[in-house]
Amino acid sequence: MMGTYPTKILLASDGSEEAKEAARHAVELAAITRSELHVVHVGLISQWVHPDTLSPAQYQQLKNEAQKRLDDEVRDIEQAGGTIARAHVRMGRVDGEVIRLAEELGAGLVVIGSKGMGAIERILLGNDAESIVRHAPCPVLVVRKT
């Protein structure tokens, strides 16, 4: 980190409206701090399905879908004037993959969108944003759609 500003920002995006709002903030922060902006999209493999139980064709189909979503997200960010250092597609649980990539990159900030689930939804579904905030190796900016 240079002073208190990050040199690498990791935007975790899932294509949702909340993620698009987070992208706007990440692009602005990257420009102001002259930080590299990295974008990750995690192709979700259900926590109830072990990746080894998927056929290679099924796994590749899921990965191709994740790559297409990432490509769409990158295109939208670039059309809005953002500059992306690198786009990353990962497969697995969202929270674990975002945290691992932040560690690998040496990110100084992770930016994520949040749907703002209630307590019951968090208990039943889990909350990737909450897990990332608790376990990330750096500060996390959680953006809610206004």
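This structure is a prediction, so every number in the text was calculated from the model and none was measured.

Draft legend 1. Summary view of the overall build of the chain. In terms of helices and strands, the chain carries five helices and five strands. Ordered by position from the N terminus, the helices and strands of the chain form the series β-α-β-α-β-α-β-α-α-β. Counting over 146 residues, the chain shows a buried share of 40%. For the chain, long-range pairs separated by at least 24 residues make up 78% of all intrachain contacts whose partners lie at least 6 apart in sequence. Of the roughly 8700 Å² of accessible surface on the chain, 52% is carried by carbon and sulfur atoms.

Draft legend 2. Seen up close, the confidence of the model for the chain. On average, residues of the chain score 87 in pLDDT, and 86% of them reach the 70 mark or higher. Mean pLDDT across the secondary structure elements of the chain bottoms out at helix H4 (residues 119–125), with 44, and peaks at strand E1 (residues 8–12), with 97. Within the model, pLDDT remains below 50 along residues 120–126, and this stretch shows six contacts once partners closer than five positions in the same chain are excluded.

Draft legend 3. How the structure looks around the sheet that holds E1. The strand order E3-E2-E1-E4-E5 describes an open sheet built from five strands, whose pairing is parallel. In the strand order of this sheet, the two ends are held by strand E3 (86–92) and strand E5 (140–144), each with one partner. Shown here is a sheet whose adjacent strand axes are inclined to one another by a mean of 25°, direction ignored. Examined bridge by bridge, strand E4 (residues 109–114) and E5 share five bridges and lie parallel to one another. Bridged to serine 114 within E5 is arginine 144. Together, E1, strand E2 (36–44), E4 and E5 form the strand contacts of helix H1 (residues 17–33), whose direction differs from that of E4 by roughly 155°. Sitting on the sheet, helix H5 (residues 128–135) is in contact with E4 and E5, with an inclination near 160° to E4.

Draft legend 4. Local environment of the side chain of serine 131. With respect to the helices and strands, serine 131 occurs in helix H5. You can call serine 131 buried: its relative accessible area is 16%. Side chain to side chain, serine 131 and aspartate 95 meet in a polar contact 2.7 Å long. With residues up to four places along the chain from it excluded, the contact list for serine 131 reads Asp95 and Ile99.

Draft legend 5. Inspection of the side chain of serine 114 at higher detail. Mapped onto the secondary structure, serine 114 falls in strand E4. With relative accessibility at 9%, the residue serine 114 sits in the buried group. Sequence-distant contacts of serine 114, that is, excluding residues within four places in its chain, are made with Glu18, Ala129, Val142, Val143 and Arg144.

Draft legend 6. Highlighting unusual backbone geometry. Phi is positive for arginine 34, which is not a glycine, with a value near 55°. Relative to the helices and strands, arginine 34 resides in the loop between H1 and E2. By relative accessible area, arginine 34 is classed as exposed at 78%.

Calculation criteria
- Residues numbered from 1 in each chain as written.
- Predicted model: local features only at pLDDT ≥ 70, side-chain atom pairs only at ≥ 80, totals over all residues.
- Heavy atoms only, no water.
- Helix = DSSP H or I, 4+ residues; strand = E, 2+ residues; numbered from the N terminus.
- Buried < 20%, exposed > 50% of the residue type's maximum accessible area, 1.4 Å probe, protein only.
- Contact = heavy atoms within 4.5 Å.
- Areas by Shrake-Rupley, 256 points an atom, 1.4 Å probe, with all protein chains shown as cover.
- pLDDT = per-residue confidence, 0-100.
- Pairing = 2+ DSSP bridges.
- Axes fitted to C-alpha atoms, helices over the stretch in contact; angles between N-to-C directions.
- Polar contact = N/O pair within 3.5 Å; in protein donor to acceptor, adjacent residues only side chain to side chain.

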